[in-house]
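What the coordinates show
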Amino acid sequence: KRFRPLASGQLARSWAVALLSALVLSALVLGFVVHRWLGLILLSYLLCGVMYSMALKRVVIADILIIACGFLLRIWGGAVAVGVVPSHWIQLSMLFLGMFLGLVKRRQELVMLHRQALRHRSVLADYSPSLIDQPRGAAAYHISAVRFWHVAAGVIAGAWVAMNLRAALRRL
């Protein structure tokens, strides 16, 4: 991370703050212009990011939940932007997928970095592989169950359409 333009000094901090402020303000204004709810979702996403950066990244489990909420907020923002209602299944799937990915990342950091894990991320002191494995398994199970449900529902819906189409064609 130290080689990134801001951290390495290639980009002046004042320039970065000005650019960030302009981009955030533009995104929020544009979001509210598109739809009031989109603006509120963007504002919520921004606040979640700030809360994560300021404090929640150091709170066990809350760091994972805020990551999962980011996935959910992106689903809601996209749905509002294109004018559709997201299904409960996609919302649950994204929430569990976000938790699953966050937990897998924490576990990977613990295993790969071992003794240096705390220097990398202080919250890892409160995690253990066994603590991570329990909810990770539940999230993986949910994702698998939802995928099975989608496949089964598609097969059932396809059969229903075929039966009704045949019946409609017979009436002609």
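Shown above is the structure to which this text applies.
Residues numbered from 1 in each chain as written. Predicted model: local features only at pLDDT ≥ 70, side-chain atom pairs only at ≥ 80, totals over all residues. Heavy atoms only, no water.

**With respect to a positive patch on the surface**
Together, Lys1, Arg4, Lys57 and Arg58 give the surface a local cluster of positive charge. Within the secondary structure layout, Lys1 lies in the segment before helix H1 (5-8). (Patch = residues over 30% accessible without salt bridge, like charges linked within 9 Å, V, L, I, M, F, W, Y side chains within 5 Å. Areas by Shrake-Rupley, 256 points an atom, 1.4 Å probe, with all protein chains shown as cover. Salt bridge = Lys/Arg side-chain N within 4 Å of Asp/Glu carboxyl O. Lys, Arg positive; Asp, Glu negative; His and termini not counted. Charge placed at Lys NZ, Arg CZ, Asp CG, Glu CD. Helix = DSSP H or I, 4+ residues; strand = E, 2+ residues; numbered from the N terminus.)

**Some remarks on the packing of aromatic side chains**
How two aromatic rings sit relative to each other is set out by the distance from centre to centre and by the angle between their planes. Enumeration over the complete set of coordinates arrives at zero aromatic pairs. The ring of Phe71 carries the charged tip of Arg74 above its face, separated from the ring centre by 4.8 Å. (Phe/Tyr/Trp six-rings, centres within 6.5 Å; stacked < 30°, edge-to-face > 60°. Lys NZ or Arg CZ within 6 Å of the ring centre and 35° of its normal.)

**Digging into helix H3 (residues 36-54)**
Between its first and last C-alpha, H3 extends 27 Å over 19 residues, near the 27 Å set by a 1.5 Å rise per residue. For H3, every residue scored as buried is listed here: Leu38, Gly39, Ile41, Cys48 and Tyr52. Lining the buried residues of H3 we find helix H2 (13-34), helix H4 (62-82) and helix H5 (88-113). (Expected span 1.5 Å × (residues − 1). Buried < 20%, exposed > 50% of the residue type's maximum accessible area, 1.4 Å probe, protein only. Contact = heavy atoms within 4.5 Å.)

**A look at the packing of H3 against H4**
Between H3 and H4, the shortest axis-to-axis distance is 9 Å and the interhelical angle comes to 160°. With respect to their mutual orientation, H3 and H4 come out roughly antiparallel. The interaxial crossing formed by H3 with H4 has left-handed handedness. Note on element contacts: H4 touches H3 through Asp63, Ile66, Ile67, Gly70, Leu73, Arg74, Trp76, Gly77, Val80 and Ala81, opposite Trp37, Leu38, Ile41, Ser44, Tyr45, Cys48, Met51 and Tyr52. In the contact of H3 with H4, the residues fall into 13 nonpolar, three polar and two charged. (Axes fitted to C-alpha atoms, helices over the stretch in contact; angles between N-to-C directions. Parallel < 35°, antiparallel > 145°, perpendicular 65-115°, else oblique. Left-handed = near helix turned anticlockwise from the far one by under 90°. Nonpolar A, V, L, I, M, F, W, Y, C, P; charged D, E, K, R; others polar.)

**As for the packing of H2 against H3**
Direction vectors running N to C along H2 and H3 enclose 150°, while the axes themselves pass 5 Å from each other. In terms of axis orientation, H2 runs roughly antiparallel to H3. As H2 packs across H3, the resulting crossing turns out to be right-handed. Residue-level contacts link Val24, Ala27, Leu28, Gly31, Phe32 and Val34 of H2 to Arg36, Leu38, Gly39, Leu40, Leu42, Leu43 and Leu46 of H3.

**Section: the environment of Gly31**
In this fold, Gly31 is placed in helix H2. Along the backbone, Gly31 and Val80 are 49 residues apart, and their C-alpha atoms lie at a distance of 10.0 Å. Setting aside chain neighbours within four positions, we find Gly31 in contact with Leu38, Gly39 and Leu42.

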